[in-house]
Amino acid sequence: MSTATRTLRPGHALPSTRRADAAPKVTGEFAYSSDLHAAGMLWGQTVRSPHAHARILGIDVVQARAMPGVHAVLTHEDVPGQKTYGLEFADQPVLAIDRVRYFGEAVAIVAAEEPEQARRAAAAVRVEYEPLEPVTDPEQAAEMAPLHPDRPTMGHGFRDDARPNVVRSMVIRRGDPDAEGDVAVEGVYEIGQQDQAFLGPESGIAIPDGEGGVDIHVATQWLHVDRDQAAPCLALEPEQVRIHLAGVGGAFGGREDLSMQIHAAMLALRTGRPVKIVYNREESFVGHIHRHPARIWAQHRATRDGKLVAVRMRILIDGGAYASSSTAVIANACSFAVGPYAVDNVLVDGLAVYTNNPPCGAMRGFGAVQACFAAEAQMDKLATALEIDSVELRLLNALEPGGMLPTGQVVTGSLPTRDVIRRAAALPVPEPEELPREAIRLPGGAGNTTRGEGVRRGVGFAVGFKNICYSEGFDDYCTARVVLAEDGSAEVHCAAADVGQGVSDVILQVARLELGTDDVTLASGSTARVGSAGSASSSRMTWMAAGAVQTACRAALDERDRSGGAVDVERIYRHPRTYPLDPETGQITDGRAHVALAVAAMRVVAEVDVDLGLTRVVWIGTAQDVGNALNRTAVEGQIEGGTAQGLGLALMEEIQTRDGVIANASFTDYLIPTFLDMPPVVSDLVEEPEPDAPYGVKGVGEPPTVVSTAAIVAALRDATGRELARVPVRPDDIAGL
Amino acid sequence: MRVSITVNGEVREAEVWAGESLLTTLRDRLDLPGSKNACEQGECGSCSVLLDDELVCSCLVLAAQADGHEVATVEGLADDGSLHPVQDAFAATGAVQCGFCTPGFVVAAADLLRRVPDPSDDEIREALSGNLCRCTGYQKILDAVHLAVER
């Protein structure tokens, strides 16, 4: 049954665009996970490995335990239950056992009365290491000694690849990849390691309940998956570990994996006191996974009139020390490698490997970012080789409903690829600015490095797409509970994590519409009061929460009609089912492997100082397929913010490692876009309802990040005439040094 | 050591250690967690406060340096429960997403408008370039500052 028939518009049930949490956030009252206090609280600190790869010969905690204010110093021996955990594969030790596999890996934890006492005690833990040769080159990882001899990701329906350090190997083969075209273009592309750099570092507080269980208040993206990983390690039943959502200072995928949850709970259960852990910025860089660095080879063949004949790609992503979500990231990178284009003949060869580099997992765009950068550069190369306008070439090959993905999946939902291309291309580009002008309006900005000599202007264009919701047969669902009181008021429970995207307002908007009253409150998210919502990721939370809240509200009204009085119902919503890909061919095994798709096109104007290699992005215009926009301001906010993160990857953001050791773990050395780096963004919302989604919604957070890196670098290529096959683009690359 | 700081017009005393930042004192000793700790290097502006009417990163100021001085934090911006025009504009334009940078931004933006009552886009961008936001891409923050001027 289609649920898209009832539409929900801004103003319909939401009186203004003002977020429910806006007032407490602007006054400083909103409690983030780092703001929490509890009576009798201790402070936790983590002892971390200075090596990317080493054997642990011994850990001496005697001196640390004797220091003032110290209540506990714990190692792997103190982990009460299962010694390892992981989002999908339990391959990561709670505390390192006999070996460390990445720089910053947790080895021991300390609780003390004062933060400074905890820091000093952590420094006094003596760990004896025997450094080992780190595996740092992903190209060679599959030929080196295994970092995980027990191959934790094998036997899960993936292609069998017995080489060491393979996290997942996959192939997507369709048609005849050797089919010849009139023209072929080829390239090798590289994507650096990006950090989510959410502003609120990992933090939270664990409070023992006095009966053996523990309450953990934490900033996370998925409460129930935190609980389900933590409970076995703490040797507790899931009900004894209650995860409560504390204020989240941004996430972007970086809070999918656990950070301090188990550590704080171990310390709290050991000491019988609440324990708070807050990472500082430097620690945050090793406290979460990052975006996978990637190397991509691509060859595109086309007819003389521009029709794609065959695409062949090899995609290598570096998963770092532990699996996290690498198996899904490589599947996404391969699934969307070709871009939103129809091609009959495809061969994509993907490989995710273990190394001793920082672990990688989910970040906004999730594999599609890396693939889009390569695929769109190829489309521009092809346009140049064929002397066809690059927008026309994209229109000619655009994948639309009824067309087929390289996995054999037929596009059944909405995918207005041509529409977003046409509308982005039609956005008026600002006129070139006259010289002389203020330094701040030139590449180099307030550094006052040029008066305009050597400055060239370029215009770039790109298209990107990605899936919405979880894929490949994952049982993806969301729960909501609705409590109707006799006085007509309602309380909604849903564990959907509001990470800043505003899903709380979506929930209230849906509940008010469905229940026909404004007297609705949203309870804070907790595993103690409602079932799983799934993760605030994969552009799924608006769709899934809207579906769950709609279902629960309607069930509650039915129940009230039947029984009268107060009612309390909980309902689960599932999106259309997906199925795994064939491990040998990458083709669908039934129905679809991905639930739905969203596409965005972007046009960018940039200026480049070709002598100094400095850049200024002048203007960005984008048209994005957003389904029915429930809240226009929030959608624009996702587009503008997602674009900024893509700009960061294009121009400045990269975690730099030497022998696996991070060299720039600070905001002084890892740069993210400032107000001066971000140009105005014009957003044209292409509203075509998604037939399978409640109210016809689509997730909107990721497409702008997928497309913007590619579009910005296209503008730099146009300005410089250089290939610029690696991001972030460095001044040396632009100046040709 | 003991310090006495006038915070949001009220004299507050705290026992601090010699190396402690003003940010830590505000957050952990004076129960004013509105100022945020996101980098502790003066790069992100999340901890912005006014020290004797001068915009500073409170992570870079020692609590001891603030002894005997006046500090204004985000908690002091609203007047008797009614939002400061900058706070109200941030809420109205969608300039708030996760909100972790917001306290620093509203303190810095209010300071800008005190000095420059009607700033241009470029003046806003330059004045607030010391405050990092990871969610919004800054556009709606620009809108918010202009809206605050109108009000």
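Thresholds, definitions, all that
- Residues numbered from 1 in each chain as written.
- Chains lettered and ligands numbered in written order.
- Predicted model: local features only at pLDDT ≥ 70, side-chain atom pairs only at ≥ 80, totals over all residues.
- Heavy atoms only, no water.
- Domains from an automatic or database assignment.
- Contact = heavy atoms within 4.5 Å.
- Buried area = accessible area lost by both parts, 1.4 Å probe.
- Salt bridge = Lys/Arg side-chain N within 4 Å of Asp/Glu carboxyl O.
- Helix = DSSP H or I, 4+ residues; strand = E, 2+ residues; numbered from the N terminus.
- Pairing = 2+ DSSP bridges.
- Axes fitted to C-alpha atoms, helices over the stretch in contact; angles between N-to-C directions.
- Polar contact = N/O pair within 3.5 Å; in protein donor to acceptor, adjacent residues only side chain to side chain.
- Phe/Tyr/Trp six-rings, centres within 6.5 Å; stacked < 30°, edge-to-face > 60°.
- Buried < 20%, exposed > 50% of the residue type's maximum accessible area, 1.4 Å probe, protein only.
- Lys NZ or Arg CZ within 6 Å of the ring centre and 35° of its normal.

### Some thoughts on the domain arrangement of chain A
Residue and element names in this part refer to chain A.
Alright, step 1. According to the domain assignment, chain A contains domain 1 (33–132 + 201–248 + 255–287), domain 2 (141–195 + 290–353), domain 3 (394–468 + 595–735) and domain 4 (477–574).
Alright, step 2. Relative placement of domain 3 and domain 4: their C-alpha centres are 35 Å apart.
Alright, step 3. With 18 residues of domain 3 at the interface, the matching set in domain 4 holds 15 residues.
Alright, step 4. Taken together, both faces of the contact between domain 3 and domain 4 bury some 1,300 Å²; the carbon and sulfur share is 63%.
Alright, step 5. Summed over the three residues of domain 3 that lose the most area to domain 4, namely Leu630, Pro694 and Tyr695, the buried surface amounts to 44% of that side.
Alright, step 6. At the boundary of domain 3 and domain 4, one finds zero salt bridges.

### Concerning unusual backbone geometry
All names here are of chain A.
Alright, step 1. The residue after Leu435, namely Pro436, is reached through a cis peptide bond having omega -5°.
Alright, step 2. Inspection of the secondary structure assignment puts Pro436 in the loop between α10 (417–426) and β18 (455–468).
Alright, step 3. With an omega of -5°, the peptide bond between Val727 and Pro728 qualifies as cis.
Alright, step 4. By the element assignment, Pro728 lies in the loop between β28 (726–727) and α15 (731–735).
Alright, step 5. Even without being a glycine, Arg151 presents a positive backbone phi close to 45°.
Alright, step 6. By the element assignment, Arg151 lies in the loop between β8 (126–131) and β9 (166–174).

### What to know about the sheet that holds strand β24 (residues 614–625) of chain A
Residue and element names in this part refer to chain A.
Alright, step 1. A sheet is described by the order of its strands in space; here four strands give the open sequence β18-β23-β24-β27, paired in mixed fashion. Of all strands in the sheet, those bounded by a partner on one side alone are β18 and β27 (681–686). Between one strand and the next, the sheet's axes are offset by a mean angle of 15°, whatever the strand orientation.
Alright, step 2. Sheet topology note: the β24/β27 ladder contains six bridges and is parallel. For Gln624, the partnering residue across the bridge sits in β27 and is Leu685.

### A word on the interface of chain A and chain B
Alright, step 1. Contacts between the two partners involve 58 residues from chain A, matched on the other side by 53 residues from chain B.
Alright, step 2. Roughly 4,300 Å² of surface becomes buried between chain A and chain B when both sides are summed, with 56% attributable to carbon and sulfur atoms.
Alright, step 3. The largest contributions to the chain A side of the interface with chain B come from Val26, Leu199 and Phe675 of chain A, which together make up 21% of the buried area.
Alright, step 4. The tally of links between chain A and chain B comes to eight salt bridges.
Alright, step 5. Inspection of the region where chain A meets chain B yields 26 residue pairs in polar contact (both at pLDDT 80 or more).

### Topic: the packing of aromatic side chains
Alright, step 1. Using the criterion set out here, one finds 15 aromatic pairs over all chains in the structure.
Alright, step 2. Ring plane angle 85° and centroid distance 6.1 Å describe the contact between Tyr189 of chain A and Phe373 of chain A, whose orientation is recorded as edge-to-face. With Tyr189 of chain A in strand β10 (residues 183–191) and Phe373 of chain A in helix α8 (residues 368–386), this pair connects stretches of sequence that are 184 residues apart. One exposure class covers both Tyr189 of chain A and Phe373 of chain A, and it is buried.
Alright, step 3. Note on Tyr470 of chain A and Phe474 of chain A: the rings are 4.9 Å apart at their centroids and 70° apart in plane angle, and the pair reads as edge-to-face.
Alright, step 4. Using a relative accessible area of 36% as the deciding quantity, one classes Phe474 of chain A as partly exposed.
Alright, step 5. Grouping aromatic residues by their ring pairs yields a cluster made of Phe675 of chain A together with Phe90, Phe105 and Tyr138 of chain B.
Alright, step 6. Seen from the ring of Tyr279 of chain A, Arg48 of chain A lies directly overhead, with NZ or CZ sitting 4.9 Å from the centre.
Alright, step 7. Geometry around Tyr470 of chain A places Arg540 of chain A over its ring, the cationic atom sitting 5.6 Å from the centre.

### Remarks on the sheet that holds strand β2 (residues 54–60) of chain A
Residues and elements named next belong to chain A.
Alright, step 1. Here we have three strands laid out as an open sheet, ordered β6-β2-β8, and antiparallel in their pairing. For this open sheet the edge positions go to β6 (99–100) and β8, each flanked by a neighbour on one side alone.
Alright, step 2. Two strands pair when backbone bridges link them, and β2 and β6 are joined in this way by two bridges, in the antiparallel orientation. Along β6, the bridge assignment pairs Arg55 with Arg99.

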